[in-house]
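Close look at the chain arrangement
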Amino acid sequence: MPSSRFNSAIALCGALALTAAAPASALNILLCNDDGITAANLRALKTKLSSAGHSVAVAAPIDNQSGRGGYIAFLTPVSALTGKERGAVALGLSAGAPGVGVDAGDADVSYVNGTPVAACLYGVDVLAKKKWNGAPDLVISGPNEGNNTGAINASSGTFNNLIYMINRGLPAMAVSDAATAQVNWSGALPASHRAYEVAGIVVKLVDTLIANKAKAGGLLMPDGVGLNVNVPDFGAGAGAALPYRFTRIGKASSYVPAFYEKLSDSPLAVASGVNFPVPGISLATGGTTLPSGVVLPKDTAATSEDNVIAAKTAVAISPVEGVPQARRAFEDAMKIKLNGIAQ
């Protein structure tokens with residue numbers, strides 16, 4: 001990591017002391033996700049942020065797009081809805097409805113019939129200009145239905161939204177929650193619902209960033225640095241008491257992709273009803289020995305975000321950078337290895 005970026009990450013850590021935060025100043029906040037516009041986590045966060053005085057807009061996929069990573073369908077027109085998408089079913093949108101549209105029940109919620117990154121880019125390049133006449137002050141991707149930690153992050157739409165936004169020069173964070181159930185939003189959702197507790201955890205984080213802007217050179221976040229935030233499992237009513245802990249992404253993950261010659265050899269595939277002797281990708285945990293004899297890497301570092309989440313003791317906060325530039329020491333090592341052919 002170049003020294004300037006390293007110093008920026010340190011500055012971010014110092015700014016996030018997470019002591020009692022001062023009253024928040026209003027921000028223009030764009031929310032996106034990969035679970036779709038009707039996910040309860042997303043809409044509960046919109047409600048909480050709006051109640052805190054922020055101006056909030058949503059740009060998210062109409063359908064659940066989990067696991068699509070940073071996929072973008074270049075130069076492919078956005079197609080009309082089939083009516084079977086998660087959001088279309090929940091909102092009563094029929095086949096043939098526009099591929100880009102607005103929730104009739106909330107003019108600040110827009111959908112895109114596309115990937116998570118496509119929807120988030122729509123929010124930044126089109127929606128934000130219309131609503132705020134400029135870029136958002138902060139982009140939040142999530143909260144996702146399920147944690148995104150370690151090795152699986154490369155496959156996560158929630159996480160890749162974060163990377164794209166950092167590379168756009170925007171303050172951004174990705175948030176993922178341990179609860180994996182797909183819960184659709186309803187205005188009748190009780191205030192005690194987990195979605196609101198998770199939203200409260202995020203609002204506290206946002207308020208702290210605002211309160212500490214002066215300590216971070218007047219910036220909400222250092223340029224080129226964002227946050228991957230993971231909320232652990234917790235009992236009802238215990239969310240507000242969870243401490244926040246700085247972590248490193250590491251390689252530890254509850255979900256490590258692996259290719260199986262026979263999906264019927266994968267315990268997860270069998271448990272999911274895919275008990276077929278056909279090739280395909282499934283998920284396993286670090287340390288698993290595959291039928292081929294390959295052993296999946298295991299990360300036991302106490303600072304790795306997935307290990308903190310597994311302990312269920314704190315909200316994991318990993319500062320991340322956008323462009324994956326190697327540290328100077330590694331650059332120098334590669335120059336030695338490639339001496340004679342690269343300058």
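Below is a summary of the structure that appears in this document.

Reading the values: rules and limits
- Residues numbered from 1 in each chain as written.
- Predicted model: local features only at pLDDT ≥ 70, side-chain atom pairs only at ≥ 80, totals over all residues.
- Heavy atoms only, no water.
- Core = buried A, V, L, I, M, F, W, Y, C linked by side-chain atoms within 4.5 Å.
- Buried < 20%, exposed > 50% of the residue type's maximum accessible area, 1.4 Å probe, protein only.
- Helix = DSSP H or I, 4+ residues; strand = E, 2+ residues; numbered from the N terminus.
- Contact = heavy atoms within 4.5 Å.
- Pairing = 2+ DSSP bridges.
- Axes fitted to C-alpha atoms, helices over the stretch in contact; angles between N-to-C directions.
- Parallel < 35°, antiparallel > 145°, perpendicular 65-115°, else oblique.
- Left-handed = near helix turned anticlockwise from the far one by under 90°.
- Nonpolar A, V, L, I, M, F, W, Y, C, P; charged D, E, K, R; others polar.
- Phe/Tyr/Trp six-rings, centres within 6.5 Å; stacked < 30°, edge-to-face > 60°.
- Salt bridge = Lys/Arg side-chain N within 4 Å of Asp/Glu carboxyl O.
- Right-handed = clockwise from strand over helix to strand, strands pointing away.

Further remarks concern the nonpolar core. Within the largest apolar cluster, 40 residues are counted, with the highest numbers of intra-cluster contacts made by Leu31, Leu49, Ile140, Met173 and Val206. Residue contributions to this core peak at nine residues, all from helix 6 (residues 194-211). For Leu49, the contacting residues outside a window of four places in its chain are Ile29, Leu31, His54, Val56, Ile140, Val203 and Val206. Of all hydrophobic cores here, the second largest spans 25 residues; its members include Leu30, Ile72, Val117 and Leu121.

Below, the discussion takes up the sheet that holds strand 7 (residues 225-231). In space, the nine strands of this open sheet follow the order 3-4-2-1-5-6-7-11-8, with mixed pairing throughout. Both edges of this open sheet fall to strand 3 (100-103) and strand 8 (244-246), since each of them pairs with a single strand only. In this sheet, neighbouring strand axes are inclined to one another by 25° on average, regardless of whether the strands run parallel or antiparallel. In this sheet, strand 11 (residues 315-321) lies alongside strand 8 in parallel orientation, the contact comprising three bridges. Across the sheet, the residue bridging to Tyr244 is Val315, located in strand 11. Along the sheet face, helix 2 (residues 40-51) touches strand 1 (28-32), strand 2 (55-61), strand 3, strand 4 (106-112), strand 5 (138-145) and strand 6 (172-177) and points at about 140° away from the line of strand 5. Each of strand 1, strand 5, strand 6, strand 7, strand 8 and strand 11 is contacted by helix 6, which is oriented at about 155° to strand 6, the strand it contacts most.

Next up on the list: the packing of helix 2 against helix 6. Direction vectors running N to C along helix 2 and helix 6 enclose 50°, while the axes themselves pass 8 Å from each other. With respect to helix 6, the axis of helix 2 lies oblique. Viewed along their axes, helix 2 and helix 6 form a crossing whose handedness is right-handed. Listed contacts from helix 6 to Ala40, Asn41, Ala44, Leu45, Thr47, Lys48 and Leu49 of helix 2 are Ala195, Tyr196, Ala199, Gly200, Val202, Val203 and Val206. Broken down by class, the residue content of the contact of helix 2 with helix 6 amounts to 10 nonpolar, three polar and one charged.

Under the definition given, this model contains one aromatic pair. When the centroid spacing of 6.3 Å and the interplanar angle of 70° are considered together, the rings of Trp185 and Tyr196 count as edge-to-face. Here Trp185, found in the loop between strand 6 and helix 6, pairs with Tyr196, found in helix 6; they are 11 residues apart in sequence, far enough to count as distant. Residue Tyr196 is classed as buried on the basis of its relative accessible area, which comes to 12%.

Right, let's talk about the pattern of salt bridges for a bit. Side chains that differ in sign of charge can pair as their charged atoms come close. A complete count under the given rule lists nine salt bridges for this structure. We note a salt bridge from Arg86 to Glu145, for which the minimum N-O separation is 3.1 Å. Separated by 59 residues along the polypeptide, Arg86 in helix 3 (residues 86-91) and Glu145 in strand 5 bring together distant segments of the chain. Of the two residues, Arg86 and Glu145, neither departs from the other in class, the shared state being buried. Note that Asp233 is salt-bridged to Lys312, the shortest N-O span being 3.8 Å.

For a regular strand, side-chain orientation follows a simple rule: the groups alternate between the two sheet faces. Counting buried positions along strand 2 yields six of seven residues, so the element is predominantly enclosed. Note that strand 1 and strand 2 share four bridges and pair parallel. Looking at the pairing, Leu31 lines up with Val58 of strand 2. Viewed along the sheet, the connection from strand 1 through helix 2 into strand 2 turns out right-handed. Pairing of strand 2 with strand 4 involves four bridges; the strand directions are parallel. Residue pairing in the sheet places Pro61 in a bridge with Val112 of strand 4.

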